[in-house]
Amino acid sequence: MLKLSVNVDHIATLREARKTNYPDPVAAAILAELAGANGITVHLREDRRHIKERDVEILRQTIKTKLNLEMGLSDSVVKFALKIRPDMATIVPEKEGEITTEGGLDLSKSGQRLSEVISLLHEAGIMVSLFINPTPNSVRKAHKLNADFIEIHTGLYAEAKSIQEASEEIERIAGAAMLAKKLDLGVNAGHGLNYENVREIVLIQEIDELSIGHSIIARASLVGVKEAVQQMLKLMER
Ligand code: PXP
């Protein structure tokens, strides 16, 4: 079965837009679980622009499925992850000022630090996934680094400008997924997946789990409008 981990970062983005205490990503996570999600993902960014420590702490105590913490390699975030012990830590590259994660990790660059962090996470009993581009080289390096999972970056596929470009990306993703399975790695995938482009990804049997955020939260904001307006009108009845 292909699993779904729902990323609730953008519920926190909406909360932070007004610096209120709602909507709460924890409430969204519980609803996602009730709807059948297999896991919840949050990204604790260096700038804490959406998810905060408080969110991850409460999620750890409340959700019944699996908590996947996306994180960079800074000391403070690593320390926090070791304290919270999510079920999985997905290590992602982080660039100051980026709108969203822009690509997979460059595993040749931060090899030493990555190995160190992977060992620390493993010692704390946390599974480790590395967010990588779909290239054989990255998959082999992730395996060498002792990762348990890879998460294949599907962003280039999602942004493809033509059918040809999209199908070339799908081949790369499928190739990376197959190689990862041969190396006994778990295979997650995500970034930019939506209600249209997910169909091709679903056909890749080697993928274990998808991590989807923006499109689900965006859809939720629209399909919930009718109900939300009706509830307000009811309160306004004299
Ligand atoms: N996977 C990773 C590593 C990400 O950084 C993100 C975005 O936070 C996602 C998946 C989810 O992407 P999207 O919000 O486009 O579905």
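A quick note: this is a predicted structure, and the numbers were derived from the prediction, not measured.

Novice: Just to check I follow, could you spell out helix α6 (residues 136–144) for this structure?
Specialist: Quick reminder: α-helices carry 3.6 residues per turn. Residues three or four places apart thus point the same way. Among the residues of α6, Ser 138, Val 139 and Ala 142 are the ones counted as buried. When α6 is viewed along its axis, its buried side chains cluster within an angular range of 100° and face the same direction. Buried residues along α6 sit against β5 (127–132), β6 (149–153) and α8 (163–182).

Novice: What should I look at first to understand the site of the ligand in this one?
Specialist: Within the structure, the ligand sits among 15 residues, and Thr 101, Glu 151, Gly 192, Gly 213 and His 214 are positioned closest to it. Here Asn 7 contributes a side-chain N or O atom positioned 3.5 Å from an oxygen atom of the ligand. One of the side-chain nitrogen or oxygen atoms of Glu 70 is found 3.0 Å away from an oxygen atom of the ligand. For the shell around the ligand, the per-class residue count stands at three nonpolar, nine polar and three charged.

Novice: Help me out: how do you make sense of unusual backbone geometry in this one?
Specialist: Most of the time, phi is negative for any residue but glycine, and the peptide bond is trans. For the peptide bond that leads from Tyr 22 to Pro 23, omega is -5°, which places it in the cis range. Positionally, Pro 23 belongs in the loop between α1 (9–18) and α2 (25–34). Although it is not a glycine, Arg 48 sits at a positive phi angle of roughly 50°. When you line up the elements, Arg 48 lands in the loop between β2 (39–43) and α3 (53–62). Judged by relative accessible area, Arg 48 falls into the buried class, the value being 17%. Even without glycine at this site, Asp 184 takes up a positive phi of about 70°.

Novice: Which parts of the structure should I look at to understand the packing of aromatic side chains?
Specialist: Working definition: an aromatic ring pair is given by the centre-to-centre distance plus the angle between the planes. By the definition in use, this model includes zero aromatic pairs. Directly above the aromatic system of Tyr 195 lies the positively charged group of Arg 219, at a separation of 3.8 Å from the ring centroid.

What counts, and at which threshold
Residues numbered from 1 in each chain as written. Predicted model: local features only at pLDDT ≥ 70, side-chain atom pairs only at ≥ 80, totals over all residues. Heavy atoms only, no water. Buried < 20%, exposed > 50% of the residue type's maximum accessible area, 1.4 Å probe, protein only. Helix = DSSP H or I, 4+ residues; strand = E, 2+ residues; numbered from the N terminus. Arc of directions from axis to C-beta. Contact = heavy atoms within 4.5 Å. Near = heavy atom within 4 Å. Polar contact = N/O pair within 3.5 Å; in protein donor to acceptor, adjacent residues only side chain to side chain. Nonpolar A, V, L, I, M, F, W, Y, C, P; charged D, E, K, R; others polar. Phe/Tyr/Trp six-rings, centres within 6.5 Å; stacked < 30°, edge-to-face > 60°. Lys NZ or Arg CZ within 6 Å of the ring centre and 35° of its normal.

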